[in-house]
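Below are the chains, spelled out letter by letter.
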Amino acid sequence: MRRLLLLAPVLLALAGCGMVQSSEDEATDSAREVATRAGERLASQLPRTADEVGHSASTLDGVEVLRVEGDSTHDGDGVEVTVRTSGSAYNGWFDVEEVTVRRCFSLRVSPRAEWGEEARDVDCPEGPPLTFPPPPEPPQVPYAALEAKLPRVPAGGRVNEAEVRRVLASLDMDPAITTEVRTEEGRVGILLSPPSYRYEPVDCVLAVVGPGRTNVWMPSRIQRMPGEGGCSVTNALHPLPPPH
């Protein structure tokens, strides 16, 4: 007890000089870190509307969306999102119990925003957190029909790209599905990729038709994330190694 009494003036002096953060300041730093990590989760090179960004932010743990400004991530300065997060801290020298705060921060979501840009402190807007309708489900790639209809070329035979294209046309796919076909070294690679509405894996399907083998598959989840290169006709012809 005597030791604590002797140390108390020293700690108070240090706190007064700014060398020791109060628990409230530490808790605010913790809340800001949650918001900054949310900004990193929202970062993407894919164009998205303000509503799509708001919906994505609202699904993150510990994040409440209070305001969304802007039209889309690729227009002007992008989309500005005001979020509310909480943080906690405990300093045994000063606090009887843990201190928890709720603070608001602004995040800029744009391909031109700096990665890891620290969330900016702002006043909390009045009103409850915003809600957003989920984005529309992407069209489904006809995996089973593709696998059943692609030609099987015997070993030593020749693959006909025109025949492969006729099969794809017969599937009557949603026009929003991207289709790419490429012939290389006697094999035909195929990519079927629905649009991606959010920062999630794309449900793309790859196929390759070659002498003695026709193969249809979906790349691993990590390879189907935006920017990973799994959803490409190149990956159909030259498959990436499996993730470790």
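Residues numbered from 1 in each chain as written. Predicted model: local features only at pLDDT ≥ 70, side-chain atom pairs only at ≥ 80, totals over all residues. Heavy atoms only, no water.

1. Things to note about the pairing of strand β2 (residues 79–89)
Part 1: In terms of residue burial, β2 counts as a mostly covered element, since 8 of its 11 residues are buried.
Part 2: In this sheet, β2 lies alongside strand β1 (residues 64–69) in antiparallel orientation, the contact comprising 5 bridges. Each residue of the ladder has a partner; that of E69, found in β2, is E80.
Part 3: Relative to strand β3 (residues 99–109), β2 runs antiparallel, the two sharing 11 bridges. Considered in β3, the bridge of V81 is made with L107. (Buried < 20%, exposed > 50% of the residue type's maximum accessible area, 1.4 Å probe, protein only. Helix = DSSP H or I, 4+ residues; strand = E, 2+ residues; numbered from the N terminus. Pairing = 2+ DSSP bridges.)

2. A short note on the side chain of N235
Part 1: Here N235 is to be found in helix α6 (residues 233–237).
Part 2: The exposure class of N235 is buried, given its relative accessible area of 3%.
Part 3: In this structure the side chain of N235 is engaged in a polar contact, spanning 2.6 Å, whose partner is the backbone nitrogen of L240.
Part 4: Every residue in contact with N235, bar those within four places of it in the chain, is listed here: L206, W217, P219, Q223, G229, G230 and L240. (Polar contact = N/O pair within 3.5 Å; in protein donor to acceptor, adjacent residues only side chain to side chain. Contact = heavy atoms within 4.5 Å.)

3. A look at the sheet that holds strand β8 (residues 213–217)
Part 1: With respect to topology, 4 strands assemble into an open sheet ordered β5-β6-β7-β8, the strand pairing being antiparallel. Looking at strand neighbours, the two that pair on one side only are β5 (178–184) and β8, the edges of this open sheet. Averaged over all adjacent pairs, the angle separating strand axes in this sheet is 10 degrees, with direction ignored. (Axes fitted to C-alpha atoms, helices over the stretch in contact; angles between N-to-C directions.)

4. A closer look at unusual backbone geometry
Part 1: Residue D172 is not a glycine yet carries a positive backbone phi of 50 degrees.
Part 2: Mapped onto the secondary structure, D172 falls in the loop between α5 (161–170) and β5.
Part 3: With a phi close to 50 degrees, E185 is a non-glycine residue in the positive phi region.
Part 4: By the element assignment, E185 lies in the loop between β5 and β6 (187–193).
Part 5: Owing to a relative accessible area of 71%, E185 belongs among the exposed residues under this scheme.

5. Considering the sheet that holds β3
Part 1: Reading across from one edge, β1-β2-β3-β4 is the order of the 4 strands in this open sheet, with antiparallel pairing throughout. Of all the strands in the sheet, the pair left with one neighbour each is β1 and β4 (120–122). Between one strand and the next, the sheet's axes are offset by a mean angle of 40 degrees, whatever the strand orientation.
Part 2: Contacting β2, β3 and β4, helix α2 (residues 23–42) crosses the sheet at an angle of about 35 degrees to β3.
Part 3: Running at roughly 165 degrees to β1, helix α3 (residues 50–58) makes contact with β1, β2 and β3 of the sheet.

6. Some remarks on the pattern of salt bridges
Part 1: In the structure shown here, the tally under the stated rule is 10 salt bridges.
Part 2: Across the salt bridge formed by E64 and R102, the nearest N and O atoms sit 2.8 Å from each other. One end of the pair, E64, is in strand β1; the other, R102, is in strand β3, and 38 residues separate them in sequence.
Part 3: Connected via shared salt-bridge partners are D29, R32 and D121. (Salt bridge = Lys/Arg side-chain N within 4 Å of Asp/Glu carboxyl O.)

7. A closer look at α5
Part 1: Those residues of α5 lying buried are V164, V167 and L168. For α5, the arc enclosing every buried residue in end-on projection is 100 degrees, short of the 170-degree limit, so these residues lie on one face. Exposed residues pointing more than 90 degrees away from the buried face of α5 are listed as R166 and A169.
Part 2: Packed against the buried residues of α5 are α4 (143–149), β5, β6 and β7 (205–210).
Part 3: A positive backbone phi angle near 50 degrees is found at D172, which sits one or two residues after α5. (Arc of directions from axis to C-beta.)

8. So, the nonpolar core
Part 1: L146, L150, V164, L168, I190, L192 and V209 are the most contacted members of the largest nonpolar core, which totals 19 residues.
Part 2: Elements supplying a minimum of two residues to this core: α5, β6 and β7.
Part 3: Excluding residues within four positions of it along the chain, V209 makes contact with L150, P151, V153, V159, V164, G186, R187, V188, I190 and T214.
Part 4: Ranked by size, the runner-up nonpolar core spans 18 residues in total, among them A38, L42, V79 and V81. (Core = buried A, V, L, I, M, F, W, Y, C linked by side-chain atoms within 4.5 Å.)

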